[in-house]
Amino acid sequence: MTRYILRRLIAMPFLVLGIVTLAFLLTSVTKGDPLTAIVSDRQMNNPEVVAAAKARWGLDRSLPERYVIYVGNLLSGDMGTSFITRRPVAQDVLYRLPATMELVVAAMIVGATIGISLGVLAAYFRNTAIDHGARLFALFGSSIPVFWLGLALLYVFSVQWGILPGPGRLDARATAPPMVTGFMTIDTLFAGDFRLFLDALWHLLLPAFVLGWAVAGTISRLVRANMVEVLSREFILTARAKGAGEFRVVIRHALRNTLVPTLTVIGYSFAYLLTGAVLTETIFSWPGMGSYAVEAARGLDFPAIIGVTIVGGIVFLFTNLLTDVAYVVANPRVRLG
Amino acid sequence: MSVLFLSRSARPRWLTPPLIVGAVLILFWLVATVAAPWMSAHAPLDMVGRRLQPPSWDHLLGTDALGRDVLSRTLHGARHSIPIAVTVVAFAVAIGASLGAVAGFVGGFVDTVIMRMVDVTLSFPPMLLAMAVAASLGPGLENAAIAMVIVWWPVYARLMRAQVLEVREREHVEAAIASGATQGRVLGKHVLPLCWTPVLISATMDLGQVILLAASLSFIGLGATPPTPEWGSMISDGASQFYSWWVALGPGLAILTIVLGFNFIGDGLHDYFDPRSR
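Chain B carries the name ABC transporter permease in an unreviewed UniProt entry, which gives Paragemmobacter kunshanensis as its organism. For chain B, the Subcellular location (unreviewed entry) comment in UniProt is given as "Cell membrane". Turning to chain B, the UniProt annotation filed under Sequence similarities (unreviewed entry) states: "Belongs to the binding-protein-dependent transport system permease family."

Per an unreviewed UniProt entry, chain A goes by the name ABC transporter permease and belongs to Paragemmobacter kunshanensis. The Sequence similarities (unreviewed entry) field of the UniProt record for chain A holds the comment "Belongs to the binding-protein-dependent transport system permease family." What the UniProt record of chain A gives under Subcellular location (unreviewed entry) is the line "Cell membrane".

A.B. asks: Before we go on, may I ask you to explain the overall build of chain B in this structure?
C.D. replies: From N to C terminus, chain B includes ten helices and zero strands. Start at the N end of chain B and walk to the C end: the helices and strands fall as α-α-α-α-α-α-α-α-α-α. Taking the principal axes of its C-alpha atoms as reference, chain B extends roughly 75 × 55 × 30 Å. Classification of the 278 residues of chain B by burial places 51% in the buried group. In chain B, the share of contacts with a sequence separation of at least 24, taken over all contacts with a separation of at least 6, comes to 68%. Taken as two groups, the 17 positive and 17 negative side-chain charges of chain B have centres that lie 4 Å from each other.

A.B. asks: Sorry, what's going on with the UniProt feature "transmembrane region" (unreviewed entry) in chain A here?
C.D. replies: All names here are of chain A. UniProt tags residues 103-124, 136-157, 200-223, 258-284 and 304-330 as "transmembrane region" (unreviewed entry). A distance of 22 Å separates the end C-alpha atoms of residues 136-157, which is 91% helix and 0% strand. Note that residues 258-284 is 93% helix and 0% strand, and that its end C-alpha atoms are spaced 35 Å apart.

A.B. asks: I'm lost on the UniProt feature "domain: ABC transmembrane type-1" (unreviewed entry) in chain A in this one. Help?
C.D. replies: When the UniProt feature table is mapped onto this chain numbering, "domain: ABC transmembrane type-1" (unreviewed entry) sits at residues 97-327 of chain A. Taken end to end, residues 97-327 of chain A has its terminal C-alpha atoms 26 Å apart, with 78% of it in helix and 0% in strand.

A.B. asks: Would you take a moment to explain the confidence of the model for chain A for this structure?
C.D. replies: For residues with low pLDDT, the predicted coordinates do not support detailed interpretation. Looking at chain A as a whole, the pLDDT averages 84, with 96% of positions reaching at least 70. Helix α5 (residues 89-124) of chain A holds the highest mean pLDDT among the elements of chain A, 92, whereas helix α2 (residues 35-38) of chain A holds the lowest, 67.

Parameters and conventions
Residues numbered from 1 in each chain as written. Chains lettered and ligands numbered in written order. Predicted model: local features only at pLDDT ≥ 70, side-chain atom pairs only at ≥ 80, totals over all residues. Heavy atoms only, no water. UniProt positions renumbered as here; feature names shortened; annotations may be inferred. Helix = DSSP H or I, 4+ residues; strand = E, 2+ residues; numbered from the N terminus. Buried < 20%, exposed > 50% of the residue type's maximum accessible area, 1.4 Å probe, protein only. Contact = heavy atoms within 4.5 Å. Lys, Arg positive; Asp, Glu negative; His and termini not counted. Charge placed at Lys NZ, Arg CZ, Asp CG, Glu CD. pLDDT = per-residue confidence, 0-100.

Next comes the structure, spelled out in structure tokens:
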């Protein structure tokens, strides 16, 4: 097991370098001219301005030269300067990462809660209406485009019924608390403003559900399959024979035995959540990495695109590594290939 | 639909309700792909009514900001989404499966190089990578399609390699090598024919996810460009006409039903092949 973990850790720097290289190469095959994002249309005819802009942003150097400079800068935490915001990309990304993380963690909590409850219910009431309902809920969750679901729910709950807040992280009239962790729900508590905390939580509800639904479906399907198997084992019969109540049998005896695969699927769902967050953030005007990536992609802001892609890739890589390692540690029977 | 209500004994065992519902949904959209011009009352780009009209008998799903019929545009959307998904998956399978087969069969250095490429590509969140590629190539459906092939091929490379590694060890392959067959012949005649089925099944099931990804790219403006009646960009129109809810309703339901169709079929097949979960 130690050898497996070591081997995975050794591969990490190479994978990260691979991510950096691929992300860098992508933007060099571009057909769009990044100059259009820097120089205004009128100045495009002015060769001096164009040459100055090229020199300023390093666009006059050769590809290998730019690659070496980029990797060198990256090692000292410099991801270049965004064409659009004119701020360092690393700073932009760090500033926006916590908002995405807050959304993803909230979605994960929503997804895991709904998914585990539905999975347990579906397994216990196998082949009844409850089971079929849970299956439909799961299938819909992985089929609905999040950007459409977000729009629809915003329209119904916020505009029509007015029971949930509109887009954003706080009420438009509220002033944000000083940024400590970047998690709005935590920062408001640090600032000692409980009403603002509730407001932040309130704003988090709809996007977290929109993002968490698909994951809830995946989790419920897996929990159900494992629960069906565990519930048919003999120790469950023993527990019942000893007079344990049904609730105790299902939760304490059966559910506990499905924890390893459940935690694993929750870990892997992170990938889906990161992908879904891009679109959810766009709909809910959530100032995270996803909406930053969309703005960068729309505006041909290449330093920003490379930066976001690299950071997203690294976050993704490490959560998958953690999940894999946790799975191996929790389940010594797995064969390591 | 009447098959749904047949008693269990009158229905073949593999023909479960999820499979039937899935097949009906997909069939509907396949028909729309071919017959959209005859199924819809108006041409997708014609401005046929007043702008932003709510659903009525004249326009069952209302009209959009330019007075175009949303239902007609939704039906025509199938002619973009489905061919693109099929093309993307076909290219991804062609590239992924050939590289995977070579990696598994040749092994050694070639295997290492190909599989490290796979690892790196799979290290990105798919949507972010697709966005980065699509943005680099510039907006447009073709570039979005290239981006999706780049995101998707490693899945089939892994699958194919695993298949080849397994089949390569079988006795008939050993016999073919012993009787002096060339490398190419062993791979082409004795190994590959036994590897295709799982790859093709998984490719078919992936079509729904590819449709979803393509729509997502179009939604953020990196796929289809106006006035193409593509579902993702139609929902984007709907987002900018937020209070006219019907503009996004048609395309949203379209994506939902077709992806649901593929997921129903995948779920049904899963039940059939994995009785444990029944």
